[in-house]
Amino acid sequence: SDMKEISLPNSLEKIHSYVFYECEKLQSLAIPENVDFVGVYNFYKCYALETLTVDEDNAVYDSRDNCNAIVRTENNCLLAGIRTSTFPATVTTIGGVSFSGAPGIVEIIMPDTITEIIGSPFIGCNELETVVLSSSLKELKSTVFGDCINLKNISIPEGIEYIGYATFMRCEKLTEIKIPSSVKTIEQSAFSGCSNLKKLTLCEGVENIRAFAFAHCTSLESVVVPESVNEIGPHAFVNSTSMETIT
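All of the points below concern the structure found in this document.

What counts and what doesn't
Residues numbered from 1 in each chain as written. Predicted model: local features only at pLDDT ≥ 70, side-chain atom pairs only at ≥ 80, totals over all residues. Heavy atoms only, no water. Helix = DSSP H or I, 4+ residues; strand = E, 2+ residues; numbered from the N terminus. Rg over C-alpha atoms; globule rule 2.2 N^0.38 Å. Buried < 20%, exposed > 50% of the residue type's maximum accessible area, 1.4 Å probe, protein only. Core = buried A, V, L, I, M, F, W, Y, C linked by side-chain atoms within 4.5 Å. Contact = heavy atoms within 4.5 Å. Pairing = 2+ DSSP bridges. Phe/Tyr/Trp six-rings, centres within 6.5 Å; stacked < 30°, edge-to-face > 60°. Patch = residues over 30% accessible without salt bridge, like charges linked within 9 Å, V, L, I, M, F, W, Y side chains within 5 Å. Areas by Shrake-Rupley, 256 points an atom, 1.4 Å probe, with all protein chains shown as cover. Salt bridge = Lys/Arg side-chain N within 4 Å of Asp/Glu carboxyl O. Polar contact = N/O pair within 3.5 Å; in protein donor to acceptor, adjacent residues only side chain to side chain. Disulfide = S-S within 2.5 Å.

Notes on the overall build of the protein
- Secondary structure summary: the protein contains 0 helices and 21 strands in total.
- Against the globule reference of 18 Å for 247 residues, the protein gives a C-alpha radius of gyration of 20 Å, in line with a compact fold.
- With the principal axes as the frame, the protein shows a C-alpha extent of 65 × 35 × 25 Å.
- Taken over 247 residues, the protein has a buried fraction of 49%.

Quick notes on the nonpolar core
- By size, the foremost hydrophobic cluster in this structure holds 54 residues, and its most contacted members are Met110, Phe145, Phe168, Ile179, Ile186, Phe191 and Phe214.
- Of all elements in the fold, only β6 (69–72), β15 (176–179) and β17 (199–202) reach the threshold of two or more residues within this core.
- Contact partners of Ile186, with chain neighbours within four places excluded, come to Ile163, Ile179, Phe191, Leu202, Val206, Asn208, Ile209, Arg210, Ala213 and Phe214.
- Counting 18 residues, the second largest nonpolar core, distinct from the first, contains Leu8, Phe20, Leu26 and Val38.

With respect to the side chain of Asn68
- Examined against the element boundaries, Asn68 turns out to sit in the loop between β5 (61–62) and β6.
- Among residues more than four places away in sequence, those in contact with Asn68 are Glu50, Thr51, Leu52, Gly81, Ile82, Thr84 and Ser85.

Brief notes about the pairing of β15
- Side-chain alternation along β15 places Ile177 and Ile179 on a buried face and Glu176 and Lys178 on a face that remains uncovered.
- Sheet topology note: the β15/β17 ladder contains 4 bridges and is parallel. Looking across to β17, one finds that Lys178 is bridged to Thr201.

Examining the packing of aromatic side chains
- Going through the model one piece at a time under the given rule, you end up with 11 aromatic pairs.
- Each ring, one from Phe99 and one from Phe122, has its centre 5.4 Å from the other, and the planes form 10 degrees; the classification is stacked. Placement of Phe99 in the loop between β8 (93–94) and β9 (107–109) and of Phe122 in the loop between β10 (116–117) and β11 (130–132) is noted, with a sequence separation of 23 residues between them. Comparing Phe99 with Phe122, the two get one shared label, buried.

Considerations on unusual backbone geometry
- At Ala166, a residue that is not glycine, the phi angle is positive and equals roughly 55 degrees.
- Within the element layout of this structure, Ala166 appears in the loop between β14 (162–163) and β15.
- The backbone phi angle of Arg170 is positive, close to 60 degrees, even though this residue is not glycine.
- By the secondary structure assignment, Arg170 is in the loop between β14 and β15.

Comments concerning a nonpolar patch on the surface
- A cluster of nonpolar residues, Tyr18, Tyr21 and Val40, forms a patch on the protein surface that exposes about 270 Å² of accessible area.
- Along the chain, Val40 turns up in the loop between β3 (37–38) and β4 (51–54).
- Val40 sits in the partly exposed class, given a relative accessible area of 37%.

Thoughts on the environment of Asp62
- Here Asp62 is to be found in strand β5.
- Along the backbone, Asp62 and Asn76 are 14 residues apart, and their C-alpha atoms lie at a distance of 9.4 Å.
- Not counting residues within four places of it along the chain, the set of residues in contact with Asp62 comprises Val54, Ala69, Ile70, Val71 and Thr73.
- A polar contact of 2.8 Å, which involves the side chain of Asp62, links it to the side chain of Arg64.
- At 2.7 Å, the side chain of Asp62 and the side chain of Thr73 are in polar contact.

A look at the sheet that holds strand β7 (residues 77–81)
- Overall, mixed pairing links the 5 strands, which are arranged β5-β6-β7-β8-β10 in an open sheet. On the outer flanks of this sheet lie β5 and β10, each paired with one strand and no other.
- Bridging between β5 and β6 involves 2 bridges; their strand directions are antiparallel. Bridging across to β6, Tyr61 finds its partner in Arg72.

Section: the state of the cysteines
- The tally for this structure, following the rule as stated, stands at 0 disulfides.
- No disulfide involves Cys23; its sulfur sits 5.4 Å from that of Cys46, the nearest cysteine.
- The class for Cys23 is buried, based on a relative accessible area of 6%.

This is a description of form; function is not addressed.
Shown next as C-alpha cells:
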C-alpha cells in the first residue's frame with residue numbers, strides 16, 4: 001500500500017487484526033478515543049511508521065509518556081509497538097505479539113520495572129540483534145524470541161526460573177548462552193535450531209532439560225551437565241552434529 005496517512009473517525013470502536021498489515025509507507029497513526037479493542041499484527045511490515053498515539057480521552061488504551069506504543073491502561077500492559085517505541089516506567093507487562101514482525105527493531109532494552117512477558121511479543125523480529133532483559137523477570141515464556149534470526153547478544157539474568165517452549169528457537173546468530181543457577185527448567189525446543197550456538201554454560205541449579213531443548217544446534221561441540229540436573233528429555237541434543245563430549 002502507498003498510503004502515508006490514515007485518519008480514523010471518532011465513531012470507531014474496534015480495530016481488528018491485520019488492518020494495517022504491510023502498509024509500508026504509513027508514517028503515523030492516531031487511535032481515536034472510543035476504540036476499545038485492538039487486534040494483533042496490525043503494524044507488521046509498516047516500515048515507515050514512526051508515530052503511534054492514542055487519544056488522551058480513550059478509557060481503555062493510552063500512549064503514556066509519548067511512548068509510541070499502545071498500552072492497556074487497566075493493567076499497564078504494552079500491547080502494540082513499533083521501532084520508535086519506548087518502555088514507560090509505569091509499564092509492567094509486555095503482552096501479545098506486540099512487536100512481532102515489526103521492522104527496524106535492532107535493540108530492545110527493558111527497564112527493570114517489566115515483571116512479566118506474556119505471549120510472543122518479539123517472535124519474528126528479523127532485525128533484532130541485542131536484548132537486555134529486565135532483572136525483575138521470573139519466566140521467559142513460549143516463543144518470546146522465536147525466529148529472531150539475527151539475535152546475537154542476550155544475557156539471561158539471575159532470577160529467571162523457567163525458559164519456555166521454543167523461547168529462542170531458530171535464533172541462528174546466537175553463538176553463546178549462559179543458563180544461570182536460578183533456572184530450574186529449560187522447556188521443550190527452547191534453543192532448537194540455534195545453528196551457530198557454540199558455547200553453552202549450564203550452571204549448577206538447572207534441574208530439567210526437556211525434549212529437543214538443544215536440538216539441531218549444529219555448532220555445539222561440548223556440554224557439561226551439572227549435578228543438579230535430574231532429567232534430560234528425549235532428543236534433547238538430537239542432530240547437534242558437532243558434539244564431541246557431554247559430561
